[in-house]
Amino acid sequence: MSIDYELLLAQAKALIDNESDALANLANINALLFDQLSDLNWVGVYLMRDGQLVLGPFVGKSACTRIDLGRGVCGTAMATQQVQRVDDVHAFEGHIACDSASESEIVFPISSATKQYGVFDIDSPTQARFSSADEVGLAPIARLIARILDADASSVGLA
């Protein structure tokens, strides 16, 4: 199934168009992706607080609350500031199993020119769920999340 990422980005922008609160906007974007993308079991963000990633708005089962930098897929994405696309999370050294159903994961660092906010994380119960096309298609949504946080970091406790 081909995903129209341009349409998905337009839908995300429409959801946040008249809302300035970052918390509400992050929650809505996560819900949109969880609803529109197939074969997912978790979509959310972790936000930087006191040198750790702390659970932010998400859709899915309960999750790990704090992740150290460099630990797991999310901590690695934040520490390296590089997208992590993992076909088999069980083969990823140091993987943190918040949900034992997760088999693959893609994580985008969320940052602006001056601030590293956290990570945008998507999990799937299917191995190799995320392709390079997904990575390219989701990158503008990760940048949109960074712009949301640039505009209103205080509503999520980052300013």
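Placed above this text is the structure.
About the cut-offs
Residues numbered from 1 in each chain as written. Predicted model: local features only at pLDDT ≥ 70, side-chain atom pairs only at ≥ 80, totals over all residues. Heavy atoms only, no water. Helix = DSSP H or I, 4+ residues; strand = E, 2+ residues; numbered from the N terminus. Buried < 20%, exposed > 50% of the residue type's maximum accessible area, 1.4 Å probe, protein only. Contact = heavy atoms within 4.5 Å. Polar contact = N/O pair within 3.5 Å; in protein donor to acceptor, adjacent residues only side chain to side chain. Axes fitted to C-alpha atoms, helices over the stretch in contact; angles between N-to-C directions. Parallel < 35°, antiparallel > 145°, perpendicular 65-115°, else oblique. Left-handed = near helix turned anticlockwise from the far one by under 90°. Nonpolar A, V, L, I, M, F, W, Y, C, P; charged D, E, K, R; others polar. Core = buried A, V, L, I, M, F, W, Y, C linked by side-chain atoms within 4.5 Å. Phe/Tyr/Trp six-rings, centres within 6.5 Å; stacked < 30°, edge-to-face > 60°.

1. Examining the environment of isoleucine 67
Within the fold, isoleucine 67 resides in strand S3 (residues 66–68). On the basis of relative accessibility, which here comes to 3%, the residue isoleucine 67 falls in the buried class. Along the backbone, isoleucine 67 and leucine 53 are 14 residues apart, and their C-alpha atoms lie at a distance of 5.0 Å. Isoleucine 67 has contacts with Tyr46, Gln52, Leu53, Cys74, Gly75 and Ile96, leaving out every residue within four places of it along the chain.

2. Observations regarding the side chain of serine 102
Mapped onto the secondary structure, serine 102 falls in the loop between strand S4 (84–86) and strand S5 (104–111). Relative accessible area serves as the criterion here: at 2%, serine 102 is assigned to the buried category. Side chain to side chain, serine 102 and asparagine 41 meet in a polar contact 3.1 Å long. At 3.2 Å, the side chain of serine 102 and the side chain of aspartate 123 are in polar contact. Filtering out sequence-adjacent residues up to four positions away, serine 102 remains in contact with Asn41, Val89, His90, Asp123, Ser124 and Pro125.

3. Some remarks on the packing of helix H2 (residues 22–36) against helix H4 (residues 132–152)
For the pair H2 and H4, interaxial distance at closest approach is 9 Å and the crossing angle is 165 degrees. Considered as vectors, H2 and H4 are oriented roughly antiparallel to each other. The way H2 lies across H4 gives a crossing that is left-handed. Facing Ala22, Asn25, Leu26, Ile29 and Leu33 of H2, the residues of H4 in contact are Leu138, Ile141, Leu144, Ile145, Ile148, Leu149 and Asp152. Partitioned by chemical class, the residues of the contact of H2 with H4 number 10 nonpolar, 1 polar and 1 charged.

4. A few points about the nonpolar core
Formed by 34 residues in total, the largest nonpolar core has its most connected members in Ile29, Leu33, Phe120, Leu138, Ile141, Ile145 and Leu149. Counting only elements with at least two residues in this core, the list comes to helix H1 (5–16), H2, strand S1 (42–49), S5, strand S6 (116–124) and H4. Setting aside chain neighbours within four positions, we find leucine 33 in contact with Leu8, Leu40, Val43, Phe120, Leu138 and Ile141. Formed by 17 residues, the second largest nonpolar core is a distinct cluster that contains Tyr46, Ile67, Cys74 and Val107.

5. Here's the deal with the packing of aromatic side chains
One pass over the full model with this rule turns up 3 aromatic pairs. Arranged with centres 5.9 Å apart and planes meeting at 25 degrees, the rings of tryptophan 42 and tyrosine 46 form a pair that is stacked. With a centroid separation of 5.3 Å and 15 degrees between ring planes, the pair formed by tryptophan 42 and phenylalanine 58 is classed as stacked. Here phenylalanine 58 lies in strand S2 (residues 52–60) and tryptophan 42 lies in strand S1, a separation of 16 residues in the sequence. We classify tryptophan 42 as buried; its relative accessible area is 5%. Linked through ring pairs, Trp42, Tyr46 and Phe58 together constitute an aromatic cluster.

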